[in-house]
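# Summary of structural features
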Amino acid sequence: MKRTWMTMEGNEAVARVAYAVSDVLAIYPITPSTPMGESADAWSASDQANLWGTVPRVVEMQSEGGAAGALHGALQTGALATTFTASQGLLLMIPNMYKIAGELTPAVFHVAARALATQGLSIFGDHSDVMATRATGFAQLASRSVQEAQDLALIAHASTLQARVPFLHFFDGFRTSHEINKIELLDQLDMRAMIDETLVQAHRNRALSPEHPFIRGTAQNPDVYFQARESVNPFYQACPTIVQQTMDRFAGLVGRQYHLFDYAGDPQAEHVIIAMGSGAETVEETVQYLSAQGEKVGVLTVHLFRPFSVAHFLQALPRTTRVITVLDRTKEPGSTGEPLYQDVVVAFQEGIASGLAGSSPRIIGGRYGLASKEFTPAMVKGIFEEMKRAEPKNHFTIGILDDVTYTSLDYDPTFTITQPGTVQCVFWGLGSDGTVGANKNSIKIIGEETANHAQGYFVYDSKKSGSVTISHLRFGPQPIRESYLIGEGQADFVACHQFALLEHFDILKYAHPGGTFLLDSIYPPEQVWEHLPGEVQQAILDKHLQCHVINAHKVAQETNMGGRINTVMQTCFFALSGVLPKEQAIAQIKHSIEKTYKKRGDAVVQRNFQAVDATLAHLFAVPVPAREAVLSATNGARGEASGTALSQTRRQPIPLPVLTRRPTVSPEAPIFVREVLAPMMVGDGDQLPVSALPNDGTYPSGTARWEKRNIAAEIPVWDASICIQCGKCVMVCPHAVIREKVYEPASLAGAPASFQTVDARFKEFPGQMYSLQVAPEDCTGCSLCVEVCPVKNKSQVGLKALNMAPQPPLREQEVANWDFFQTLPEVDRTHLNLAAIKNTQLLTPLFEFSGACSGCGETPYIKLATQLFGDRMLVANATGCSSIYGGNLPTTPWTFNREGRGPAWSNSLFEDNAEFGLGMRVALDKQQEYAAELLVRCSSQVGEDLVRKLLQADQSTEAGIHTQREHVAALRQQLQAGLRDETLTPEAHTDMGSLLALADALVRRSVWIIGGDGWAYDIGFGGLDHVLATGANVNVLVLDTEVYSNTGGQSSKSTPRGAVAKFAAKGKGTPKKDLGLLAMAYGNIYVAHVALGANDLQTLHAFQEAEAYDGPSLIIAYSHCIAHGIEMSKGLDQQKLAVQTGYWPLYRYNPDLVEEGKNPFVLDSKAPTLPLEAYAYNETRYRMLLQSNEARAEMLMHEAKQDVQDRLTHYQQLAAVAPEPVQPALSKEQNHA
Amino acid sequence: MPDLTTTYLGLPLKNPLVVSASPLSKKRDRVRQLEDAGASAIVLYSLFEEQITREADELDCYLNLATNSYAEALSYFPDLEHYNVGPDGYLEHLRRVKETVSIPVIGSLNGVSAGGWVEYARKIEQAGADALELNIYYLPTDPEMSSNTLEKIYVNLVREVRTAVQIPLALKLSPFITALPHLASRCIEAGANGLVLFNRFYQPDFDLEAFEVVPHLELSTSHDLLLPLRWIALLYGRIPTDFALTSGVHRVQDVVKAVMAGANVTMLASELLQHGPGRLRQLLEELDQWMEQHEYLSVAQMRGCMSQNSVAEPAAFERANYMKALNLFDSHLPG
């Protein structure tokens, strides 16, 4: 039978099987497993049936804990149930995993294995999560490639039914989950044949049912728990054999034979590496190469890790093995070795004891590949070299340079294995230009339309705007097994889709000598050479590269493709790579375009077709100057410069390189930034040794300012003559790249000639000057500042006081202006009236230049909080967008002011953020209390007057806080003097020392708990509710984007009815949860519902009131988001419409007003003036339902309007309620009575 | 009872009241109400090629936005199985409207590209339209484009569509054409079966508070009748084709004037938007009464009786009329 081959990601390959053999799927998004849940949800939404012809139920839960609970319930009720997860998500499932296993329940969890958050969070792949569950009683089955992930997914589902042991099937996050590879598909018949109906029935028969009731889940006493726990042993003993039999059955059916432990290499091997996951694939590839060279080496791939079958293990190893290296992709600090190593050691000990093994080879263990660290054949060879030593290093690391505890092995990084016939291609692009999408298409075309095998893997940086992507594509006649990136000097084809990247990155390091270089260039072929940085010219000459250019952006513009050059560059790739004859390639590209875009409309297809057709006429070979000529010119020039005599004659005028790559960061940057963060910025972080990195996860603040990403095509230009200095532009800027200052005219000394200044229009600052300045290399070009500018040019109303203009010609000038602007003095915040927007915007933001999406709706709120409270702020940040743009290395936008004060920021987890913040508050309160106690105890040394001032300070204003800081400074002096006084008692010394350490706690602190709606409405809601209920003085800021933005737009309980989101592909059918109302129900919580774009002053007041309120405060902030499917520059308009349609009412609930005899609830927005559609249908999330299922869209819109009306009516009633009269005090007479 | 029947584009109609292309035809229930109230035919709201293209482009743009940029969020929306972008929604609606009513249903098309006109015209025919109204609206802003070039585009377009479809074609024109009779005549030669005079446009207006240009559309009044009335009266008998008068038909007198100028049918939208479909019934009763009172036996008898060819003073439709009006106005001036 001819089988189907398809080119797909590991996640899809697994989800396809899991969906087909399940009837209930409980899901929750977590990278890198999310796409499995998304696929399942989409299939369910489109009524795709499973193996039994029925559409599986897919239920999204509020957390992985919830998903595991739901799954447990479904399993107990007889469902064939599955889930997908990773990392912390898997940890949240552990309690239920023990239950599911303890109850001998067939189930499969598919895990895209990922690192755990320790000193830092990582979304990338290793086995730390899986290893943390190895005691749960789940069987653990490891796949090492996309093909295996598909196959073993089915083997897991088939085995669990027979074994009654639940299975955790895992494969490496990103490396396998996101790798696209050509695989042979399992079809429905295979799955049918593998899933035994009688076992399915047996599972269903064991389910809870009132028809034959029993109870399961008892509490057991010391008398029986132990015995009952041991009762499961036969199942674990039988499990390995069941899995092997299932693998054998699979082999009989499909042809691919797997074993619990698969050995490859020399049958007489002396040196054997044992590994599992994608790393084993690399080892095997290297073993094959080395064996061919005559080396006695081998590899044992572990598929079934739990239950660990000693017999099968020992049987699989050659008897000739002398040295074993066990590789673990995890770290278990403090253990005798990592898990697989321990098992191997134990297996030999037990084998010897039981007679299965004669003696034990030497066994060493090593760690590799944590968080997707590259693991290459060079490293494998290094390990084999180490094994040959008389005393090989145990507990080693490979792939890093450990210069602290010297665990790392040396290896020769230049060792490579290239499979004959495999073509390797690397593409540099930006996220926004469609490079990755095009390459995904290309690899599918090659995989499915040619006889070639193909592989695609994609590397992204951690920025959400202007992110750099590198695509690694391989294709060739043999299956592509390389589970690592294309190495330096190995690519046959290198493409650079953005000319500007040449400025920062060593693009051509990947190029193989004689390879092809394709460059998107605005310069024509005859001019491009002189615009290349010298390093690029040199690489082209050294490697004899064939160079081609295309002005892809021009072709894209002319064919209405906008900034998406994907189709153009894809066509160039096919034209140059020769993988297919040109005509056939073009036909295939068009076919692929049609397949991808047809459903989005013929116009889209035609537009792409035009781009394909227009491309080849614009693709040119670049005449590369003769190497000798260039070298002579270069040498000559260098010779002159260094005073050496000119020894060669220039044969022809070749322009010298006038450009070189720019330094990554300014030489003025702090040393840590220059030496540690800068290499990370340009992708060289792999080279950093262990000693370079902080050992406790602590990194300096204020580092984003050194990362000049220079990503804006256009930046705002200030028209000072019409500006009214309202500060709105500064307030809305998501990236803090536009600032205003008021200063004395004398400060202008030394200003660059182009620096703009006008008379300040602030009544507080008579006679002073005003400047508005843009940071040109930090701006993302989102244009929100221009959109919000209220001033129009009287003669040309299309112009405002800020107008976008191309950045390149302005860059150098504005860099100088920005540098000067920063030298201007900061405003004295103690004398500012902070009730006005324009004044608050003079305050320095302590959150700047984040890598959030261009035009982000969240960051302006965070920035505002830092302007107002940043110098005394502690931030607990839930995992999500804000923790990524806030704290993903290399740099952080959280920064400090000139006094060195700034927000103290930390991210604990996703689910526990409220509790984390409460912990901060409790500690601060205790420290303040203890400091006050110490003050009293130390009053004789400190002075009664200062103690009184410190304890009775009014810190409700900026001036009060300033005074308190002065008093604390005085206190420090007194204490330091006291500590020098040896006449004082030891007790007094102890108290003074303690007080000195705690003195800062006497200054008012502001605790902010920040996170998105995924945290606040869903996974962290229980904790948030509890923290609010404690009455503690914390400020909670919910950045409400109404979806899980960070993981790609999954529905949360904040998602409104009628909007389409992932996990709500049919449009959400239930209303948005009213978090504010729930909080208000407590009566003692300050609650505000704000939308900066609709009413900035209300937002400002809400922040100030929330912070001032001595109790819990909750601000729910409308945050427009890329996941709404809007033009981000119109985000503020959308906020306004959200309020004008009544969708997002603005209100403040201030319990303090009750004491004043007022209604605590103030509705700040007016009755709706527009229908809901006027807001909703500007957004793709609503409109796409209209375009896909009009009847449902209309029904949900009707209901959504009712939701809005009901909510408004309720609020109006709340606002109209007269405050309850304060209970009159009893008169003396009544009292007596 | 006077005979109200008429023909338009070769379609026999029970009376000269046709519903013009407007939002009135967006809901099937409303179309049924219009038929019940006496509409003799209905022109469906326009299929705008530009809108279809824009919707497709927007959907594509936002589904693509920020995709494949960041490892945790490689996309932001589920890519659904199917989207109603393109003409499918319109065609389906047309099909259903045809099933709902028994009066003729005329499709309406507003294209931009040559290929678009032909493709969509064919699809509208296939969906069951009894006729097709081509709504040509091109605003020439390029000083290099001559009226000649523009007119050629119009005529070629009609010719191409004519070749592609069998159903009758009406051509809806704007009044802002230099030599309207000539262009109209060439279009009829090219295969159009009738002229619809005239198109009404959204005219941009200024918002003086926001300093913004805002689209603006006012419902017509009877005053708007005069422009098409004059042109139909001028063209009737000169160009052998059917005429539909649209713009400004509100009262029974407007209907009568239109027919007397030479219109086969009058088209209504503003009046029905303001007063509901029931207004048609009223107008028909009034027409009946008016004809009885004025002893007209049939619409056919009335048709064209006040066209330029038929009136005693043909110059009244031309420039002399203009002079006369000015003189009259002059007499009201003080002093």
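Going by the structure above, here's the rest.
Summarised in this report is the structure supplied together with it. (Residues numbered from 1 in each chain as written. Chains lettered and ligands numbered in written order. Predicted model: local features only at pLDDT ≥ 70, side-chain atom pairs only at ≥ 80, totals over all residues. Heavy atoms only, no water.)

Before going further, it helps to spend a moment on the overall build of chain A. Within chain A one finds 44 helices and 37 strands. Relative to the globule expectation of 33 Å for 1233 residues, the C-alpha radius of gyration of chain A, 33 Å, shows essentially globular dimensions. In terms of principal-axis extent, the alpha carbons of chain A reach across some 100 × 95 × 80 Å. Taking all contacts inside chain A whose residues are at least 6 apart in sequence as the whole, residues at least 24 apart take part in 76%. For chain A, the computed accessible surface area is about 46,900 Å², with 54% contributed by carbon and sulfur atoms. When the 101 positive and 130 negative side-chain charges of chain A are each reduced to one mean point, those points stand 3 Å apart. (Helix = DSSP H or I, 4+ residues; strand = E, 2+ residues; numbered from the N terminus. Rg over C-alpha atoms; globule rule 2.2 N^0.38 Å. Contact = heavy atoms within 4.5 Å. Areas by Shrake-Rupley, 256 points an atom, 1.4 Å probe, with all protein chains shown as cover. Lys, Arg positive; Asp, Glu negative; His and termini not counted. Charge placed at Lys NZ, Arg CZ, Asp CG, Glu CD.)

Right, let's get into the sheet that holds strand β25 (residues 758-759) of chain A. Two modes of strand pairing occur in sheets, parallel and antiparallel, and in both the strands are linked by backbone hydrogen bonds. All names here are of chain A. Across the sheet, which stays open at both edges, the three strands sit in the order β24-β26-β25 with antiparallel pairing between neighbours. Both edges of this open sheet fall to β24 (738-743) and β25, since each of them pairs with a single strand only. In this fold helix α26 (residues 811-823) packs onto β24 and β26 (769-774), with an angle of close to 130° to the strand it touches most, β26. (Pairing = 2+ DSSP bridges. Axes fitted to C-alpha atoms, helices over the stretch in contact; angles between N-to-C directions.)

So, about the packing of helix α19 (residues 566-577) of chain A against helix α20 (residues 582-597) of chain A. Residue and element names in this part refer to chain A. Their axes nearest at 10 Å, the elements α19 and α20 cross at an angle of 150°. Here α19 lies roughly antiparallel to α20, going by the angle between them. Judged by the twist between their axes, the crossing of α19 over α20 is right-handed. Here N566, T567, Q570, T571 and F574 of α19 come into contact with α20, specifically with A585, I589, I593 and Y597. (Parallel < 35°, antiparallel > 145°, perpendicular 65-115°, else oblique. Left-handed = near helix turned anticlockwise from the far one by under 90°.)

Taken together, the contacts link 51 residues of chain A with 35 residues of chain B. Where chain A abuts chain B, roughly 4,000 Å² becomes buried across the two surfaces, and 55% of that area is made up of carbon and sulfur atoms. The interface formed by chain A and chain B contains eight salt bridges. Across the pair D60 of chain B and R607 of chain A runs a salt bridge, and its minimum N-O distance is 3.2 Å. Across the chain A-chain B interface, the total number found is 16 residue pairs in polar contact (both at pLDDT 80 or more). Listing elements by their share of the side of chain A that touches chain B, those giving two or more residues are α15 (435-449), α21 (602-615) and α42 (1180-1188) of chain A. Per-element accounting of the side of chain A that touches chain B gives the leading share, seven residues, to α42 of chain A. (Buried area = accessible area lost by both parts, 1.4 Å probe. Salt bridge = Lys/Arg side-chain N within 4 Å of Asp/Glu carboxyl O. Polar contact = N/O pair within 3.5 Å; in protein donor to acceptor, adjacent residues only side chain to side chain.)

Limitation: the analysis is restricted to geometry and does not speak to function.
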